[in-house]
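For reference, the chains in residue letters:
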Amino acid sequence: MRGREVPGGTAVQGASWEAHADLVVVGGGVAGLTAARTASLRGLRVLTVSKGGPTDTATQYAQGGIAVVAPEGDSVAGHVRDTVEAGAGLCDEAAVHSIVEGGPRAVAALTDLGAVFDLGRDGAVSRTREGGHSVRRIIHAGGDATGAEVQRALNAAGLPVLFGAAAARVVTDAAGVTGLIVLSDKGVGVIHAPAVLLATGGLGQLYSCSTNPSGATADGIALALGAGAAVADLEFVQFHPTVLFAAGGVGRRPLVSEAVRGEGARLVDAEGNSVTDGVHPRGDLAPRDVVSRAIADRINRLGTDHVYLDARHLIGFAERFPTVTASCLEVGIDPAHQLIPVAPAAHYSCGGVVTDVHGRTAVPGLYAAGEVARTGLHGANRLASNSLLEGLVVGERVGAAATERAGLRTEVTAAEFPAASRTGRARVQALMTAHGSVVRTGGGLAAVAAELAQAPTLTSATVADLEDAALTETATALVLAASARTESRGCHTRSDHPERTEAWRRSIEVRRGASGALEIPDLTPIGAR
Ligand code: SIN
């Protein structure tokens, strides 16, 4: 990577600095840094840009672990089966197989880099269970601080990262990507590059309460749509069933890992009754969408706003779950002696930018990996702890795939900022929380769409503007798909269409049409094609 400040911004119109790279990675979490490392090892000049600091990533907050096929009592076929079952008919089975199969090698590479996973008393890597898994296959670190250990190991690799730099626009020409425009504390910058990887994480900030960090503003979705790529499965937003509840708590809320239930904690309501008895054969360890819906039903039925996790009988809770324990103690709850109040909150986007299992989009030179991407692994509902797995496996593959663009000379000539429709973050969150959460209706979605359509089109000048525009664009795309999906499947529940229908056993893609407006290019249900 070569970078220089341009006095007066003369080399590129509108820019105050410019740089050159073979690959620009947007985002410093597991997928981005894994790709950056692989591409660097292959001789590419890689520059990673990240809006926040080294630990302001969703990866940092991942608790449960990494789902990876265990050497004994497990198989690729078993992990694929669990993933596909959780995905409610929308997984791409070939993609699932490919990514699951790549898991053990990707984890070994991370271990070689210095990541340390918890060991059991027998000295072997310890494995836990989470919702939807038929066996104990989830490896973890620091008890419930797996993401922090993954982030630490990747940060320690010492890759060049430009922190505090937000991506504003992926620039393309008829032959594909030519570079990226960013906004940093040095002003507007232009990075000339034939390949850009979007590894920007999720969209949790569409909602008032989320497990995601404040930077999870769907930037990659908006960047991809702006560059002409398609997004799919956006209507499937996973709500984690057990997020620490506090009356009036908004913003990033602490997770109470599903592994807590994996180790035997039980979900009960205020009257002490099980929340999931009779709901699913796996009870409290049913797939996440099932458990979140069961909690939402119980909350509605009892007229409360939360339920409880009973972990009082678990031996050694504080040692096994230090992160959860610390979050609980901070609000005055001791899990060894008290019930933990929990409620569902936005956690993970199962859909995203359409890619193959090497992170390639249909736009030459544009890649996506991690939560922002839709490879087909998650379908309508992600299986627990498959996300770090996907970030590692696909991140590494993008690092290799990007060599196909190396040597292409590209040039960005003007640092133009995008004009986009923009509603303020708080309003988008209020609308989406009211009408786009665990249970939706056609009327509620239509109300969101109508208000977002009134948003003024403005040119972004600050990072906050870019974030508001990305949230507005993503909410519009999500609501478009959720309105079209007149059924209930996976994380998408329509109380006005409560059944799953064979006609909608297909993904819904959204892209920008010729007019610049978002549209669904093909809305034909299965059977009508
Ligand atoms: C958890 O620890 O419950 C979260 C794991 C995940 O989202 O995969």
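Please refer to the structure higher up on the page.
What you see is a predicted model, and the numbers here were worked out from it, not measured in a lab. (Residues numbered from 1 in each chain as written. Predicted model: local features only at pLDDT ≥ 70, side-chain atom pairs only at ≥ 80, totals over all residues. Heavy atoms only, no water.)

A. Region of the structure containing empty space enclosed by the protein. Per the counting criterion, the structure on display carries two cavities of 30 Å³ or more. Considering the residues around the largest cavity, the lining is formed by Val237, Gln238, Phe239, Arg288, Asp289, Ser292, Arg293, Asn381, Val438, Cys491 and Thr493. Elements supplying a minimum of two residues to the lining of the largest cavity: strand 15 (237–244) and helix 9 (288–302). With four residues, helix 9 is the single largest residue contributor to the lining of the largest cavity. (1 Å grid on protein atoms, 1.4 Å probe; cavity = no way out; pocket = protein on both sides within 12 Å on 5 of 7 lines; lining within 4 Å. Points joined across faces, edges and corners; volume = space filled by probe spheres on them. Helix = DSSP H or I, 4+ residues; strand = E, 2+ residues; numbered from the N terminus.)

B. Region of interest: helix 14 (residues 442–453). With 12 residues, helix 14 extends 16 Å from end C-alpha to end C-alpha; this agrees with the ideal 16 Å at 1.5 Å per step. Buried within helix 14 are the following residues: Gly444, Leu445, Val448 and Leu452. Buried residues of helix 14 fall within an arc of 100 degrees about the axis and therefore sit on the same side. Projecting away from the buried face of helix 14 at angles above 90 degrees are the exposed residues Gly443 and Ala453. Packed against the buried residues of helix 14 are helix 13 (425–435), strand 24 (439–440), helix 15 (463–484) and strand 26 (493–494). (Expected span 1.5 Å × (residues − 1). Buried < 20%, exposed > 50% of the residue type's maximum accessible area, 1.4 Å probe, protein only. Arc of directions from axis to C-beta. Contact = heavy atoms within 4.5 Å.)

C. Just the layout of surface pockets, in detail. For the second largest pocket, the calculated volume is near 520 Å³. Along its surface, the second largest pocket is lined by 24 residues, and Phe239, Pro344, Ala345, Thr433 and Ser437 are the ones closest to its centre. At the level of elements, strand 15, helix 9, strand 19 (340–349) and helix 13 are the ones that each hand at least two residues to the lining of the second largest pocket. Sorting elements by how many residues they give to the lining of the second largest pocket places strand 19 first, with four residues. Residues belonging to the lining of the second largest pocket are distributed by class as follows: 16 nonpolar, six polar and two charged. (Nonpolar A, V, L, I, M, F, W, Y, C, P; charged D, E, K, R; others polar.)

D. Just unusual backbone geometry, in detail. For alanine 218, which is not glycine, the phi dihedral falls at a positive 60 degrees. With respect to the helices, strands and loops of the structure, alanine 218 is situated in the loop between strand 13 (209–210) and helix 7 (219–226). Taking relative accessible area as the criterion, alanine 218 reaches 1% and is therefore assigned buried. In this model, serine 385 sits at a positive phi of 65 degrees, which is unusual for a non-glycine residue. Within the element layout of this structure, serine 385 appears in the loop between strand 22 (373–374) and helix 12 (386–401). Looking at serine 385, the relative accessible area reads 6%, which means it is buried.

E. The sheet that holds strand 6 (residues 127–128), seen in detail. Read from one edge of the open sheet, three strands run 5-7-6, paired in antiparallel fashion. For this open sheet the edge positions go to strand 5 (66–67) and strand 6, each flanked by a neighbour on one side alone. Bridging between strand 6 and strand 7 (residues 138–139) involves two bridges; their strand directions are antiparallel. Opposite threonine 128, over in strand 7, you have isoleucine 138 as the bridge partner. (Pairing = 2+ DSSP bridges.)

F. Broad picture of the packing of helix 3 (residues 76–86) against helix 4 (residues 93–101). Contact geometry for helix 3 and helix 4: axes closest at 9 Å, N-to-C directions at 130 degrees. In terms of their interaxial angle, helix 3 and helix 4 are classed as oblique. Where helix 3 crosses over helix 4, the two elements pack in a sense that is right-handed. Side by side, helix 3 and helix 4 meet where Val76, His79, Val80, Thr83 and Val84 of the first sit next to Glu93, Val96, His97, Val100 and Glu101 of the second. The residue makeup of the contact of helix 3 with helix 4, split by class, is five nonpolar, three polar and two charged. (Axes fitted to C-alpha atoms, helices over the stretch in contact; angles between N-to-C directions. Parallel < 35°, antiparallel > 145°, perpendicular 65-115°, else oblique. Left-handed = near helix turned anticlockwise from the far one by under 90°.)

G. Representation of the packing of aromatic side chains within the structure. Counting across every chain of the model gives two aromatic pairs. Between the aromatic rings of tyrosine 207 and phenylalanine 239, the centroid separation amounts to 5.2 Å while the plane-to-plane angle is 80 degrees, which identifies the pairing as edge-to-face. You can see tyrosine 207 sitting in the loop between strand 12 (196–198) and strand 13 and its partner phenylalanine 239 sitting in strand 15, a full 32 residues away along the chain. Residues tyrosine 207 and phenylalanine 239 agree in their burial class; the two are buried. Arranged with centres 5.1 Å apart and planes meeting at 45 degrees, the rings of phenylalanine 317 and phenylalanine 321 form a pair that is tilted. One Lys or Arg, arginine 382, reaches over the ring of tyrosine 348 and ends 4.0 Å from the middle of that ring. (Phe/Tyr/Trp six-rings, centres within 6.5 Å; stacked < 30°, edge-to-face > 60°. Lys NZ or Arg CZ within 6 Å of the ring centre and 35° of its normal.)

H. Summary view of the side chain of threonine 493. In this structure, threonine 493 sits in strand 26. In this structure the side chain of threonine 493 is engaged in a polar contact, spanning 3.2 Å, whose partner is the side chain of arginine 293. Those residues in contact with threonine 493, other than ones at most four positions away along the chain, are Arg293, Val438, Val439, Arg440 and Ser488. (Polar contact = N/O pair within 3.5 Å; in protein donor to acceptor, adjacent residues only side chain to side chain.)

I. Expanded view of the packing of helix 14 against helix 15. Packing of helix 14 against helix 15 brings their axes to within 9 Å, and their N-to-C directions diverge by 145 degrees. For helix 14 against helix 15, the interelement crossing comes out left-handed. Note on element contacts: helix 15 touches helix 14 through Thr472, Ala475, Thr476, Val479, Ala482 and Ser483, opposite Leu445, Val448, Ala449 and Leu452. When its residues are assigned to classes, the contact of helix 14 with helix 15 shows seven nonpolar, three polar and no charged.

J. Geometry of the site of the ligand. Around the ligand, the neighbouring residues are Gln63, Gly64, Glu130, His240, Leu255, Ser257, Glu258, Arg288, His347, Arg382, Ala384 and Ser385. Between the ligand and arginine 288, the relevant distance is 2.9 Å, taken from an oxygen atom to a side-chain nitrogen or oxygen of the residue. In this structure, an oxygen atom belonging to the ligand sits 2.6 Å away from a side-chain N or O atom of histidine 347. Alone, the ligand offers 260 Å² of accessible surface; in the complex the protein occludes 96% of this. When the residues that make up the shell around the ligand are grouped by side-chain class, the tally is two nonpolar, six polar and four charged. (Near = heavy atom within 4 Å. Areas by Shrake-Rupley, 256 points an atom, 1.4 Å probe, with all protein chains shown as cover.)

Everything listed here is a matter of coordinates, which is why it stays silent on function.
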